[in-house]
Amino acid sequence: MALLRKINQVLLFLLVLTLCGILYKKVPKAAVLKQEADDDSESPEDTEEEIPVVICAAAGRLGAAMATINSIYSNTDANIVFYVVGLRNTLSRIRKWIEHSKLKEINFKIVEFNPVVLKGKIRPDSSRPELLQPLNFVRFYLPLLIHQHEKVIYLDDDVIVQGDIQELYDTTLALGHAAAFSDDCDLPSAQDNNRLVGLQNTYMGYLDYRKKTIKDLGISPSTCSFNPGVMVANMTEWKHQRITKQLEKWMQKNVEENLYSSSLGGGVATSPMLIVFHGKYSTINPLWHIKHLGWNPDARYSEHFLQKAKLLHWNGRHKPWDFPSVHNDLWESWFVPDPAGIFKLNHNR
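Residues numbered from 1 in each chain as written. Predicted model: local features only at pLDDT ≥ 70, side-chain atom pairs only at ≥ 80, totals over all residues. Heavy atoms only, no water.

1. A short note on the sheet that holds strand 4 (residues 151–155)
- Reading across the sheet, the 7 strands line up as 3-2-1-4-7-6-8 and stay open at both edges, with mixed pairing between neighbours. Looking at which strands have only one partner, the edges of the open sheet turn out to be strand 3 (108–112) and strand 8 (282–283).
- Sheet analysis places strand 1 (residues 50–56) next to strand 2 (residues 79–86), joined by 7 bridges and oriented parallel. Residue pairing for strand 2: Val54 is matched across the bridge by Tyr83.
- Running over the sheet, helix 3 (residues 91–99) touches strand 2 and strand 3 and is turned about 165° from strand 3. (Pairing = 2+ DSSP bridges. Helix = DSSP H or I, 4+ residues; strand = E, 2+ residues; numbered from the N terminus. Contact = heavy atoms within 4.5 Å. Axes fitted to C-alpha atoms, helices over the stretch in contact; angles between N-to-C directions.)

2. Notes on the packing of helix 2 (residues 62–74) against helix 3
- One can describe the packing of helix 2 onto helix 3 by two numbers: an axis separation of 11 Å at closest approach and a directional angle of 40°. As summarised for this structure, helix 2 and helix 3 are arranged oblique, according to the angle between their axes. For the crossing formed where helix 2 meets helix 3, the hand is right-handed. Counting all contacts with helix 2, which are made through Leu62, Gly63 and Met66, the residues of helix 3 involved are Arg93, Ile94, Trp97 and Ile98.
- Of the residues that constitute the contact of helix 2 with helix 3, the class distribution is 5 nonpolar, 1 polar and 1 charged. (Parallel < 35°, antiparallel > 145°, perpendicular 65-115°, else oblique. Left-handed = near helix turned anticlockwise from the far one by under 90°. Nonpolar A, V, L, I, M, F, W, Y, C, P; charged D, E, K, R; others polar.)

3. Describing the pattern of salt bridges
- Tallied over the full model, the rule gives 12 salt bridges.
- We note a salt bridge from Arg88 to Glu112, for which the minimum N-O separation is 3.0 Å. In this pair, Arg88 is assigned in the loop between strand 2 and helix 3 and Glu112 in strand 3, connecting sequence segments 24 residues apart.
- By relative accessible area, which is 32% here, Glu112 ends up partly exposed.
- Each of Asp208, Arg210 and Lys211 takes part in salt bridges that share partners, so that together they form one network. (Salt bridge = Lys/Arg side-chain N within 4 Å of Asp/Glu carboxyl O. Buried < 20%, exposed > 50% of the residue type's maximum accessible area, 1.4 Å probe, protein only.)

4. A word on the confidence of the model for the protein
- Taken over all residues, the pLDDT of the protein has a mean of 85, while the share at 70 or more is 78%.
- Of the regions scoring below 50 in pLDDT, residues 22–46 engages in 2 contacts with residues more than four places distant in sequence or in other chains.
- The low-confidence segment residues 189–194 (pLDDT under 50) makes 2 contacts with residues lying over four places distant or belonging to another chain. (pLDDT = per-residue confidence, 0-100.)

5. Looking at the nonpolar core
- One finds Val53, Phe82, Ile153, Leu155, Ile165 and Leu168 to be the most contacted residues of the largest nonpolar core, which totals 52 residues.
- Non-local contacts of Leu155, meaning those with residues more than four positions away in its chain, are made with Val53, Val54, Ile55, Cys56, Thr68, Ile72, Val161, Ile165, Leu168, Gly229, Val230 and Leu311.
- Counting residues in each nonpolar core, the second largest holds 47 residues, with Leu118, Met231, Ala233 and Leu247 among its members. (Core = buried A, V, L, I, M, F, W, Y, C linked by side-chain atoms within 4.5 Å.)

6. Side note on the packing of aromatic side chains
- Under the counting rule described, the total for this entry stands at 12 aromatic pairs.
- An angle of 45° between the planes, with centres 6.0 Å apart, marks the rings of Phe113 and Tyr141 as tilted. On the criterion of sequence distance, the pair formed by Phe113 in the loop between strand 3 and helix 4 (142–145) and Tyr141 in the loop between strand 3 and helix 4 is long-range, its members being 28 residues apart.
- On the accessibility criterion, Tyr141 (2% relative accessible area) is buried.
- Considering the side-chain rings of Phe226 and Tyr281, the 4.6 Å spacing of their centres and the 55° angle between planes classify their relative orientation as tilted. Taken together, the positions of Phe226 in strand 7 (residues 226–234) and Tyr281 in the loop between helix 9 (267–276) and strand 8 put the pair 55 residues apart, joining distant regions of the chain.
- Here the aromatic residues Trp97, Trp321, Trp331, Phe335 and Phe343 are joined through ring pairs into a cluster of three or more. (Phe/Tyr/Trp six-rings, centres within 6.5 Å; stacked < 30°, edge-to-face > 60°.)

7. Quick look at the pairing of strand 4
- Of all 5 residues in strand 4, 5 are buried; the element is thus mostly enclosed.
- Across the two faces of strand 4 the burial is the same, with Lys151, Ile153 and Leu155 and Val152 and Tyr154 all buried.
- In this sheet, strand 4 lies alongside strand 1 in parallel orientation, the contact comprising 3 bridges. In the strand pairing of strand 4, Val54 is matched with Tyr154.

Printed below as a string of structure tokens:
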């Protein structure tokens, strides 16, 4: 019995020793994990708000999107997250361009846009086929692509940002407004009117007022239009008002009744937005959307004025990476060379 008691005591001792060893190993690890979690957690006042910026990257003009991103990132200390939207066949090239260039430090997410959502909603039009590209309609579907943000900036790829994007993000949206745009009538000065002869800046230039459906809207044809290439959007209000569904309704109506076309001012992406947002949008500081640089290759803004501008937009046919175009020196300063050597500038001067 004495021997058996001693054996039991030895076994008990070994068991206790084993348990102590196990606890010794586990406790420090748990403490380290907790410490790491504590280090990563920040108090609300220390957390820097993310500014989401959505930019589309189309296959034939990826260099445009990269220049836009570079100009934004280089002119701010804000916490930007870039949502770069593309079609499936361009996603790997987008990633390679960013990760193998000076843009490798940016915070970005690549988002695939599936054009199947547009099936039956776009009327074939040969006037400006580039305006029928699926990515032109990404702005209609922002809540489906961007989920965790209340406020979002959307930019066309033919813009360059010269100011701090935080200022644009801080644009105040009035109660009940799902978006803010820049009015087309906000020309920088009277002297620029001559250089923009033929420019469409009213609803008459976008909608076919011969059609009863357009007349029944009750919108004056002389109403100033806006350009949706620069937009600050409130996702909560957008979803509450079912903006995407409203836009799709007018796309469908256009397929059935030909209410607008790309032969008019802004093609098929601007017109539905003019209808849906009529009288229900806030305005962006005009210096945050200097438009029409791509309208006339023979007309220029003053250099002094362009230096004050916060954002430049080459909307129109004449893009700054192509020929002919104006003020392309301002654009080229932000150009990021294509690591694959595919995208090249076409400036035959």
